[in-house]
Amino acid sequence: MEHLRGKKIILGVSGSIAAYKSALIVRGLVKAGAEVRVLMTRAATDFISPLTLSTLSKHAVVSSVHDEASWNNHVELGLWADAMLVAPATATTLSKMAHGLCDSALVAVYLSARCPVFFAPAMDVDMWLHPATVANVKRLQSFGNHLIDVAEGELASGLVGAGRLAEPEDILLQLNTFFAQGAGAQDAGTKPVAIPHDLSGKHLLITAGPTLEDLDPVRFLGNRSTGRMGIALAEAAAARGATVDLLLGPTHLSTQREGINLISVRSAREMHDRAVELWPRAQAGILAAAVADYRPATVSEQKIKKGEGPLRINLVRNPDIAATLGASKQPHQTLVGFALETENEVDNARTKLRKKNFDFIVLNSPNEAGAAFGHATNRIQVVDHNKVTPYELKSKDLVAHDILQELVLRLSPTT
Ligand code: C5P
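These numbers come from a predicted model, not from an experiment.

1. Points about the overall build of the protein chain
(1) Moving on: Along its length, the protein chain carries 14 helices and 21 strands.
(2) Moving on: Its C-alpha atoms give the protein chain a radius of gyration of 23 Å, within 12% of the compact-globule value 22 Å for 415 residues.
(3) Moving on: Considering only C-alpha atoms, the protein chain reaches an extent of 70 × 60 × 35 Å along its principal axes.
(4) Moving on: Of all 415 residues assigned to the protein chain, the portion counted as buried reaches 52%.
(5) Moving on: Summarising the internal contacts of the protein chain: among those between residues at least 6 apart in sequence, 68% fall at separations of at least 24.
(6) Moving on: In the structure as shown, the protein chain presents an accessible area of about 19500 Å², 50% of it carried by carbon and sulfur atoms.
(7) Moving on: Between the averaged position of the 42 positive side-chain charges in the protein chain and that of its 42 negative side-chain charges there is a distance of 2 Å.

The structure is reproduced here in structure tokens:
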């Protein structure tokens, strides 16, 4: 976390059960050498005492609109900071930030801040998926604010799903990687990270998410992929100027960015057929989908009834999208695959590289804390025929840029 040293951070805490985690965030920031000022909404003080956060941050906490001295300082505070982090950001606070509804010191500072703003939402799964919240998050992102995505798992309500506050270490890590890029070092931090326009005029095909294989009208076989890495790749590629065909399996995540042609698919066969159709117009393909290797041999027209004994399901192989595209790859096309290996990682990745005719493979480490499925962060190694390039643990947004950088190096100059 060395890039947090000396950084001035405003932490805005709003009223969620996850507010107790803000203590860990403050402690982590201070431990890393950052200077922290905490703002709390009134609701937040019902969940965690301002005394806890003022003791940990070694500065008085601003928790009321009527805290006169601090209220008057909201502009100064907004100018002082290198970054503002709102964590946890409740549905209410997100909505107020998105619409400039300034009824708290937190929103007043947010509106005055010239520094980069990060927000880490926390709420119940249905609130998180509600179109109002989705629209608010998009609106904040359109202002250039950085989403620190929610994690999935058990929620305080007892429901299971997306909506948990990202783990404090993941939040710190994302801030640290942001500053590591030199993004926060600029004057008042107002400039976004410089994104090269090196994919202008290029057409990319990206597969992402799981595939679901139907058993009967209500049941299917699936996997836990969220499609986050593939969506991050599509967004990063579009930001670098590419036009992207994104073939996305069923997931709660989505994207609406300009430059991305989002095509929703369900089964491996559907993804395969669309990929085959779109591949000829692409200069590069990145296959990040977790495609089911097998599907039920038959799909029952009626719901399968339970019987006394065990139920046997016959599975047949699905087409290998990567192998199909690899076999028809033209000299001007570059193909990138993903692999998750549990042993002999590099050897197995190289075998796959040859078999599927990839130009390089992005190797995920399944044993790594914070990497691969469902996490906001990932640690990758890039494996090609000649070398292995390891990368640090980073947010998937930054990993996406590393992968695209590797791709740009290998794009055919004639494309
Ligand atoms: O063979 P394995 O599933 O480990 O290969 C992983 C790579 O191949 C990934 O890039 C994945 O998207 C791709 N793949 C595919 N179609 C399949 C299976 C895997 O495109 N049916």
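Read on, since the account is not over.
2. Considering the pattern of salt bridges
A pair can form between side chains of opposite charge whenever their charged atoms are brought close.
(1) Moving on: Enumeration according to the criterion identifies 16 salt bridges in this entry.
(2) Moving on: Between Lys21 and Glu167 there is a salt bridge whose closest N-O contact spans 3.7 Å. With Lys21 in helix H1 (residues 21-31) and Glu167 in the loop between strand E7 (160-164) and helix H9 (168-180), this residue pair connects regions lying 146 residues apart in the sequence.
(3) Moving on: Across the pair Asp402 and Lys394 runs a salt bridge whose closest N-O atoms are separated by 2.8 Å.
(4) Moving on: On the basis of relative accessibility, which here comes to 14%, the residue Asp402 falls in the buried class.
(5) Moving on: Overlapping salt bridges bring together Lys21, Arg164 and Glu167 as one network.

3. Section: the site of the ligand
(1) Moving on: Within the structure, the ligand sits among Leu287, Ala289, Val291, Asp293, Pro319, Asp320, Ile321, Ala322, Gly337, Phe338, Lys352 and Lys356.
(2) Moving on: For the ligand, a nitrogen atom lies 3.0 Å from a polar atom in the backbone of Pro319.
(3) Moving on: Between the ligand and Ala322, the relevant distance is 3.0 Å, taken from an oxygen atom to a main-chain nitrogen or oxygen of the residue.
(4) Moving on: Protein contacts shield 83% of the accessible area of the ligand, which totals 450 Å² for the unbound molecule.
(5) Moving on: Most atoms of the ligand, that is more than half of them, are within 2 Å of grid points of the second largest pocket.
(6) Moving on: Residues belonging to the shell around the ligand are distributed by class as follows: seven nonpolar, one polar and four charged.

4. Some words on unusual backbone geometry
(1) Moving on: Cis geometry is adopted by the peptide bond preceding Pro88, which originates at Ala87 and carries an omega value of -5 degrees.
(2) Moving on: Examined against the element boundaries, Pro88 turns out to sit in strand E3 (residues 83-89).
(3) Moving on: Phi angles above zero are rare outside glycine, and Lys58 is one such case at about 65 degrees.
(4) Moving on: A relative accessible area of 60% places Lys58 in the exposed class.

5. Topic: the domain arrangement of the protein chain
(1) Moving on: Partitioning the protein chain into domains gives domain 1 (2-180) and domain 2 (203-298 + 313-410).
(2) Moving on: Centre-to-centre separation of domain 1 and domain 2, based on C-alpha positions: 32 Å.
(3) Moving on: With ten residues of domain 1 at the interface, the matching set in domain 2 holds eleven residues.
(4) Moving on: Each partner contributes to the roughly 980 Å² buried at the junction of domain 1 and domain 2, and carbon and sulfur atoms together form 58% of this total.
(5) Moving on: Together, Glu152, Leu173 and Thr177 form the three largest contributors to the area buried by domain 1 at its contact with domain 2, with a combined 39%.
(6) Moving on: Along the contact surface separating domain 1 from domain 2 lie one salt bridge.
(7) Moving on: In this structure, Arg228 engages Asp149 in a salt bridge whose closest nitrogen and oxygen atoms are separated by 3.3 Å.
(8) Moving on: Inspection of the region where domain 1 meets domain 2 yields two residue pairs in polar contact (both at pLDDT 80 or more).
(9) Moving on: When residues of the side of domain 1 that touches domain 2 are assigned to their parent elements, the largest contribution, four residues, is made by H9.
(10) Moving on: Class assignment of the residues belonging to the side of domain 1 that touches domain 2 gives a composition of four nonpolar, two polar and four charged.

6. Regarding the packing of helix H5 (residues 91-99) against helix H8 (residues 131-142)
(1) Moving on: The contact between H5 and H8 brings their axes to 9 Å, and the two run at 45 degrees. With respect to H8, the axis of H5 lies oblique. By crossing handedness, the relation of H5 to H8 is classed as left-handed. Residues Leu94, Ser95, Met97, Ala98 and His99 of H5 lie in contact with H8, whose contacting residues are Thr133, Asn136, Val137, Arg139 and Leu140.
(2) Moving on: Split into classes, the residues belonging to the contact of H5 with H8 amount to five nonpolar, four polar and one charged.

7. Some thoughts on the environment of Leu221
(1) Moving on: Assignment of secondary structure puts Leu221 in strand E10 (residues 220-221).
(2) Moving on: The spacing of Leu221 and Lys58 is 163 residues in sequence and 52 Å in space, taken between C-alpha atoms.
(3) Moving on: Not counting the four nearest positions on each side in its chain, Leu221 is found in contact with Thr211, Leu212, Glu213, Leu215, Pro296 and Leu315.

8. Examining the layout of surface pockets
(1) Moving on: As a volume, the second largest pocket reaches approximately 990 Å³.
(2) Moving on: Around the second largest pocket, the lining comprises 41 residues; the ones closest to its centre are Ala289, Ala290, Val291, Phe338 and Ala339.
(3) Moving on: Contributing elements (two or more residues each) for the lining of the second largest pocket: strand E8 (203-208), helix H10 (228-239), helix H12 (321-327), strand E16 (334-340) and helix H13 (345-356).
(4) Moving on: A per-class count over the lining of the second largest pocket returns 18 nonpolar, 14 polar and nine charged.

9. A short note on the nonpolar core
(1) Moving on: Within the largest apolar cluster, 34 residues are counted, with the highest numbers of intra-cluster contacts made by Leu204 and Leu233.
(2) Moving on: Elements supplying a minimum of two residues to this core: E8, H10, strand E11 (243-248), strand E13 (284-287), E16, strand E17 (360-364), strand E19 (380-383) and helix H14 (396-410).
(3) Moving on: Broken down by element, this core gets its largest block of residues, eight residues, from H10.
(4) Moving on: Among all residues touching Leu204, those that are not within four sequence positions of it are Leu199, Ala237, Ala242, Thr243, Val244, Asp245, Ala282, Ala284, Ile286, Leu404 and Leu407.

Parameters at a glance
- Residue numbers here run from 1 along each chain, matching the order of that chain's written sequence.
- In keeping with the predicted nature of the model, local features appear solely for residues at pLDDT of at least 70, side-chain atom pairs appear and are counted solely at 80 or more, and the whole-chain, interface and lining totals rest on all residues.
- Note that the side-chain values use all heavy atoms of the structure and ignore hydrogens as well as water.
- Only DSSP runs of H or I with at least four residues qualify as helices, and only runs of E with at least two residues qualify as strands; both kinds are numbered from the N terminus onward.
- We compute the radius of gyration from the C-alpha atoms alone; for a globule the expected value is 2.2 Å times N to the 0.38, where N is the number of residues.
- Using a 1.4 Å probe on the protein chains alone, a residue whose accessible area is under 20% of its type maximum counts as buried, one over 50% counts as exposed, and one in between counts as partly exposed.
- Whether two residues touch is decided by their heavy atoms; if any such pair falls within 4.5 Å, the residues are in contact.
- All accessible-area figures derive from a Shrake-Rupley calculation using a 1.4 Å probe, and residue coverage is judged against the displayed protein chains alone.
- Think of it this way: Lys and Arg go in the positive column, Asp and Glu in the negative one, and His and the chain ends go nowhere.
- Working definition for charges: the position is that of NZ of Lys, CZ of Arg, CG of Asp or CD of Glu.
- By convention in these notes, a salt bridge is any Lys or Arg side-chain nitrogen within 4 Å of a carboxyl oxygen on Asp or Glu.
- We define proximity as follows: a residue is near a molecule or strand when any one of its heavy atoms falls within 4 Å of that partner.
- For this analysis, a polar contact is any N or O atom pair within 3.5 Å, provided that within protein one partner can donate a hydrogen and the other can accept it, and provided that sequence-adjacent residues contribute only side-chain to side-chain pairs.
- A 1.4 Å probe that fits into a set of points on a 1 Å grid over the protein atoms alone but cannot get out defines a cavity; an open set with protein on both sides within 12 Å along at least five of seven lines defines a pocket, and lining residues are those with an atom within 4 Å of a point.
- By definition, a pocket or cavity contains a molecule when more than half of the molecule's atoms lie within 2 Å of the pocket's grid points.
- Each residue gets one label: Ala, Val, Leu, Ile, Met, Phe, Trp, Tyr, Cys and Pro are nonpolar, Asp, Glu, Lys and Arg are charged, and the others, such as Gly, are polar.
- Domain borders in the structure are assigned automatically or taken from a domain database.
- The buried area of a pairing is the accessible area, by a 1.4 Å probe, that goes missing from both parts when the two are put together, added over both.
- All axes are obtained by fitting lines to C-alpha atoms, using only the stretch in contact for helices, and the reported angles, taken between N-to-C directions, cover 0 to 180 degrees.
- For classification, angles of less than 35 degrees are called roughly parallel, those exceeding 145 degrees roughly antiparallel, those between 65 and 115 degrees roughly perpendicular, and all remaining angles oblique.
- For a crossing to be left-handed, the near helix must be turned anticlockwise from the far one by less than a right angle; the clockwise case is right-handed.
- Grid points are joined across faces, edges and corners, and a volume is the space filled by probe spheres set on the points.
- The nonpolar core is taken to be a set of buried Ala, Val, Leu, Ile, Met, Phe, Trp, Tyr and Cys residues, with the residues joined through side-chain atoms within 4.5 Å.

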